[in-house]
Amino acid sequence: MDKLFHGVLHALDSGGDDEADRRPEAGGSKKVKGTVVLMKKNVLDFNDFNASVLDRVHELLGQKVSLRLVSAVHGDPENGLRGKLGKPAYLEEWITTITPLTAGDSAFKVTFDWDEEVGVPGAIVMQNNHHSQFYLKTITLEDVPGEGQVRFVCNSWVYPADRYKKDRVFFSNKTYLPSQTPAPLVKYREEELVNLRGDGKGELQEWDRVYDYAYYNDLGDPDKGTKYARPVLGGSAEYPYPRRGRTGRPPTEKDPNSESRLPLLKSLDIYVPRDERFGHLKMSDFLAYALKAVGQFLKPELLTICDSTPNEFDSFQDVLDIYEGGFKLPDGPLVESLKENIPLEMLKELVQTDGEGLLTYPMPQVIK
């Protein structure tokens, strides 16, 4: 029964592609196999279960992740001499590929209909028709006629297609000087640069990929009163510098030259280009050290109740106590094995077995 169920899912997922593969190919055409490595949307160290379910629903409804080859050798006169586009190909077996509970890489197969009009591909146009974003790592094409293996190193978050004004384009892992860029790829390169620069208008959202700059005009909060107002740093004779990343938030009500601020609890949601934000590993480390910081704050606060000099270090040992002490975990092969099998980076950072105490900072090398 289980095999029957998976067989039905496979048939729905492939959409009859196996039968199409068995049909005779036209002259000059060929099937090019590829592998796409990506990481699905996650929350810290866990995959987002709701997103996975909704993505599978979209897949059943025919809203799949499509990829099209872009020729690096043949331009399309009807499209401004941009590289000719191949036929759409889709990620295979998305529904039947079971991803683990914890965040990690998943590999999907893709089959392109290659013909001589495409030639050697220099880029891939991707369209994500699913509900949720994913982190695209690499695309690898095998046995491309006249080229062999073609690899695309992407390392970028791909949001649903309706979030973008234009489809995402990824270029092959082959560098060119500007003057040596193949003519069919020049327009795609120029459009990608325009997208990254932005137009300087509107509030930037998490799916935007804009690397723009602005003055430091969000240091104060004039809406709370004049004593909370701060000068704008940058762009004036008195304060010509520095610059910060543009966010495009609305101006304050009392001072149109100052940008409104985010509430403290939402400060982690400030706009940063999505590919530059902490990944799930860095964020787990960050939160683990934040918990350690809370532990280091509460312990001395409790001790100051009986301390005559609460705001001073009475001895060098007081400094060492920041890094020493705590609850020592037992050392041994059993505990080390348990730690290696913990899939969550945040818990790994908290549960140290190298002699470091629980909820304490690691000892700096200079005072070891």
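So, a few notes on the structure that sits alongside this text. Remember, predicted model here, so these are calculated numbers, not experimental data.

Rules and cut-offs
Residues numbered from 1 in each chain as written. Predicted model: local features only at pLDDT ≥ 70, side-chain atom pairs only at ≥ 80, totals over all residues. Heavy atoms only, no water. Salt bridge = Lys/Arg side-chain N within 4 Å of Asp/Glu carboxyl O. Helix = DSSP H or I, 4+ residues; strand = E, 2+ residues; numbered from the N terminus. Buried < 20%, exposed > 50% of the residue type's maximum accessible area, 1.4 Å probe, protein only. Expected span 1.5 Å × (residues − 1). Contact = heavy atoms within 4.5 Å. Phe/Tyr/Trp six-rings, centres within 6.5 Å; stacked < 30°, edge-to-face > 60°. Lys NZ or Arg CZ within 6 Å of the ring centre and 35° of its normal. Arc of directions from axis to C-beta. Core = buried A, V, L, I, M, F, W, Y, C linked by side-chain atoms within 4.5 Å. Pairing = 2+ DSSP bridges. Axes fitted to C-alpha atoms, helices over the stretch in contact; angles between N-to-C directions.

**Focus: the pattern of salt bridges**
Working definition: two side chains of opposite charge can pair if their charged atoms are close together.
Logical step 1: In this structure the tally under the stated criterion is 10 salt bridges.
Logical step 2: Taking the shortest distance from any N to any O, the salt bridge between Arg82 and Glu191 comes out at 2.4 Å. Taken together, the positions of Arg82 in strand S5 (residues 82-85) and Glu191 in helix H4 (residues 183-197) put the pair 109 residues apart, joining distant regions of the chain.
Logical step 3: For the salt bridge of Asp218 with Arg249, the shortest nitrogen-to-oxygen distance reads 3.0 Å. One end of the pair, Asp218, is in the loop between strand S12 (213-214) and strand S13 (244-245); the other, Arg249, is in the loop between S13 and helix H5 (280-303), with 31 residues separating them in the sequence.
Logical step 4: Asp218 gets classed as buried once you look at its relative accessible area, which sits at 12%.

**A word on H4**
Three- or four-residue spacings in an α-helix give side chains the same orientation, since the helix completes a turn every 3.6 residues.
Logical step 1: Compared with the 21 Å implied by 1.5 Å per residue over 15 residues, the 22 Å span of H4 between its first and last C-alpha is a close match.
Logical step 2: Turning to H4, the residues buried within the fold contact strand S4 (65-76), S5, strand S8 (121-128) and strand S11 (168-171).
Logical step 3: Among the residues trailing H4, Gly198 stands out with phi positive, at a value near 75°.

**Description of the environment of Val186**
Logical step 1: Inspection of the secondary structure assignment puts Val186 in helix H4.
Logical step 2: On the accessibility criterion, Val186 (28% relative accessible area) is partly exposed.
Logical step 3: As a C-alpha pair, Val186 and Ala72 span 114 residues in sequence and 9.5 Å in three-dimensional space.

**What about the packing of aromatic side chains?**
Logical step 1: Going through the model one piece at a time under the given rule, you end up with four aromatic pairs.
Logical step 2: Judged by centre distance (5.4 Å) and plane angle (55°), the ring pair of Tyr135 and Trp157 falls under tilted. Placement of Tyr135 in strand S9 (residues 134-144) and of Trp157 in strand S10 (residues 148-158) is noted, with a sequence separation of 22 residues between them.
Logical step 3: Take Trp157: its relative accessible area is 9%, and that puts it in the buried class.
Logical step 4: Look at Tyr159 and Trp207: their rings are 6.5 Å apart centre to centre, the planes differ by 55°, and that puts the pair in the tilted class. In this pair, Tyr159 is assigned in the loop between S10 and S11 and Trp207 in the loop between H4 and S12, connecting sequence segments 48 residues apart.
Logical step 5: In this structure Tyr159 comes out as buried when scored by relative accessible area, which is 4%.
Logical step 6: What links up through ring pairs into an aromatic cluster is the set Trp94, Phe108 and Phe134.
Logical step 7: Taking the ring centre of Trp207 as reference, the NZ or CZ of Arg163 above it sits at 4.0 Å.

**Here's the deal with helix H3 (residues 49-60)**
Logical step 1: If you check H3, its first and last C-alpha atoms are 17 Å apart, about what 12 residues at 1.5 Å a residue would give, namely 16 Å.
Logical step 2: Residues of H3 that are buried include every one of Ala51, Ser52, Asp55, Arg56, His58 and Glu59, and no others. Considered in projection along H3, the buried side chains sweep an arc of 160° and stay on one side of the axis. Exposed and oriented more than 90 degrees from the buried face of H3 are Phe49 and Asn50.

**Concerning the nonpolar core**
Logical step 1: Leu67, Leu91, Phe112, Met126, Leu136, Ile139 and Leu141 are the most contacted members of the largest nonpolar core, which has 26 residues in total.
Logical step 2: Breaking this core down by element, the ones donating at least two residues are strand S1 (29-40), S4, strand S7 (105-115), S8, S9 and S10.
Logical step 3: Counting residues per element, this core draws most heavily on S9, which supplies five residues.
Logical step 4: Those residues in contact with Leu136, other than ones at most four positions away along the chain, are Val36, Val37, Leu38, Met126, Cys154, Asn155, Ser156, Val158 and Phe170.
Logical step 5: Val125, Phe171, Leu185 and Tyr188 belong to the second-largest nonpolar core, a separate cluster that totals eight residues.

**A word on the sheet that holds S10**
Logical step 1: Ordered in space as S7-S1-S9-S10, the four strands form an open sheet in which the pairing is antiparallel. The sheet is open, and its two edges are formed by S7 and S10, each paired on a single side. Direction aside, neighbouring strands of the sheet carry axes that sit 20° apart on average.
Logical step 2: With eight bridges connecting them, S9 and S10 associate as antiparallel partners. Bridge pairing in S10 places Leu141 opposite Val150.

**Looking at unusual backbone geometry**
Logical step 1: Cis geometry marks the peptide bond from Tyr241 to Pro242; its omega dihedral reads 5°.
Logical step 2: At Leu81, a residue that is not glycine, the phi angle is positive and equals roughly 65°.
Logical step 3: Mapped onto the fold, Leu81 is located in the loop between S4 and S5.
Logical step 4: Within the chain, Asp143 stands out as a residue other than glycine whose phi angle is a positive 55°.

**Here we look at the pairing of S8**
Logical step 1: Within S8, seven of the eight residues are buried, leaving the element largely enclosed by the surrounding structure.
Logical step 2: Examined bridge by bridge, S4 and S8 share seven bridges and lie antiparallel to one another. When the sheet's bridge partners are listed, Leu69 is paired in S8 with Ile124.
Logical step 3: With four bridges joining them, S8 and S11 adopt antiparallel strand pairing. Looking across to S11, one finds that Ile124 is bridged to Phe170.

**Observations regarding the environment of Gly198**
Logical step 1: Among the structural elements, Gly198 can be located in the loop between H4 and S12.
Logical step 2: As for Gly198 and Arg209, which are separated by 11 residues in sequence, their C-alpha atoms are 8.2 Å apart.

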